[in-house]
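The primary structure of each chain is shown beneath.
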Amino acid sequence: MLTGRALSARVASLLLTLWLVSALVFLAGQVLPGDVARVMLGPFADAQAVAALNRQLGADQPVLVQYWRWFSAALTGDFGTSLSMRAPVGPFVLASLGRSAALAGIIMLFLVPLGVGAGIVAGLNRGGLADRLIVLAGVSFGIVPDFVSGLLLLLVFGLWLNWLPITGAAPDGASFWTSGYYLILPALPLVLNLAGYLARMTRAGVIEALAADYTRTATLKGLDRRQVIVRHVLPNALTPTVAVLATQSGYMLGGLVVIEALFGIQGLGNLVLNAAKSRDFPMLEAGVLVMATIFVLSAAAGDLVQALLDPRQRRRASP
C-alpha cells in the first residue's frame with residue numbers, strides 16, 4: 001500500500017499540475033487573435049460599443065485579475081457565457097463530455113476483451129503461430145491512423161454492407177441500447193488501433209511473469225498449469241496493462257477529435273474544435289481545461305493503479 005507521505009506527495013503534485021494547466025489554458029486564450037467584445041458584436045460594430053462591452057465583461061482589466069476571476073468561477077463550475085451560443089458554457093461542456101464518455105465506454109467494451117485476450121494467448125504461446133499472427137495483426141492495425149481506418153470501415157460497414165449507421169449521433173429520444181448501437185462503428189477504428197498495443201503490453205507481461213521465480217516456485221509445489229496461470233501469472237502480468245488502460249481513458253474522453261468529427265459526434269473534442277473555429281474563447285478555454293484535467297487525472301489514476309496492484313511496489317512501500 002502507498003504510505004501517507006507518498007500519497008500526500010502525489011496529491012500535491014496533482015493539484016500543482018492542474019493549477020499550472022489552468023494558467024496555461026487561460027494565457028493561451030489571451031494570446032489568441034481576436035477581441036471578445038468584437039466577436040460578440042460583430043466586425044462592423046462601433047469602436048465605442050466594443051470598448052464599453054469590454055469594460056462590462058472585465059476584458060480591459062489586467063491579465064492576473066481576469067485569470068483570478070475566471071479561475072475562481074471555474075472552481076465552482078461557472079465557465080462563463082458562450083460567445084456563439086449566448087448561454088452558459090457549463091451545460092454544453094457537460095453534455096459533450098457525456099457523449100465522449102459513452103463513446104469511450106463502447107471502445108472499452110470491445111478493446112479490453114480483444115486486446116487483453118489476444119495478449120494472453122500470444123504470451124502463453126510465445127513463438128507459436130498464434131503469437132506471430134497476433135503480433136503481426138497488432139502492428140499492422142496499429143500503424144494505420146484511426147481516421148483512415150474510420151473512413152474504410154464507414155465505407156464498408158456503413159455504405160456498402162449497410163450493417164451499421166454511418167453517424168454516431170443517435171436520434172433524439174433513442175434508448176440506451178440504440179444509442180450504443182450507433183456508437184459501434186465510431187468505436188471500431190480506435191479498438192483496432194489500440195488493441196495491438198494493448199495486446200503487446202499484455203504479451204510482454206505474461207512472458208515476464210512466466211519466467212519469474214514465483215511462477216517456477218508455484219510449479220515446483222505441484223500446482224497445475226491452469227492454477228499457476230490464474231493465481232500467479234495473470235495478476236502480475238496484467239498490472240502494467242491496467243495502468244495503460246487507465247491512462248488511455250483520458251485520450252478516449254478528450255482526444256478523439258478526428259473520430260468525433262468524422263462520425264458527427266458532438267463530443268468534447270468536437271466541442272473544442274468548433275469553439276476554436278468560431279473564436280468562442282470561454283467555450284474553448286473551458287473545453288481545453290476539462291480535457292487537460294481528464295488527461296492529468298487519468299495519468300495519475302494509472303500511476304496509482306500500478307502502485308496498488310504491483311506486488312513489487314507494495315513490498316517496497318511496506319515497512
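Calculation criteria
- Residues numbered from 1 in each chain as written.
- Predicted model: local features only at pLDDT ≥ 70, side-chain atom pairs only at ≥ 80, totals over all residues.
- Heavy atoms only, no water.
- UniProt positions renumbered as here; feature names shortened; annotations may be inferred.
- Helix = DSSP H or I, 4+ residues; strand = E, 2+ residues; numbered from the N terminus.
- 1 Å grid on protein atoms, 1.4 Å probe; cavity = no way out; pocket = protein on both sides within 12 Å on 5 of 7 lines; lining within 4 Å.
- Points joined across faces, edges and corners; volume = space filled by probe spheres on them.
- Nonpolar A, V, L, I, M, F, W, Y, C, P; charged D, E, K, R; others polar.

- Labelled according to an unreviewed UniProt entry, the protein chain appears under the name ABC transporter permease, originating from Mesorhizobium vachelliae.
- The record held by UniProt for the protein chain lists under Sequence similarities (unreviewed entry) the comment "Belongs to the binding-protein-dependent transport system permease family."

**Some remarks on the UniProt feature "transmembrane region" (unreviewed entry) in the protein chain**
Okay, so step 1: The sites that UniProt annotates as "transmembrane region" (unreviewed entry) are residues 101-121, 133-160, 180-199, 250-268 and 288-309.
Okay, so step 2: Split by type, residues 101-121 is 100% helix and 0% strand. Its first and last C-alpha atoms lie 29 Å apart.
Okay, so step 3: Between the C-alpha atoms that bound residues 180-199 the distance is 25 Å, and the span itself is 95% helix and 0% strand.

**Topic: the layout of surface pockets**
Okay, so step 1: The volume enclosed by the second largest pocket comes to roughly 440 Å³.
Okay, so step 2: Ala102, Gly168, Ser179, Gly180 and Leu183 are, among the 19 residues lining the second largest pocket, the residues nearest its centre.
Okay, so step 3: For the lining of the second largest pocket, the element with the highest residue contribution is helix 5 (residues 89-124), accounting for 6 residues.
Okay, so step 4: Residue composition of the lining of the second largest pocket, by class: 12 nonpolar, 6 polar and 1 charged.

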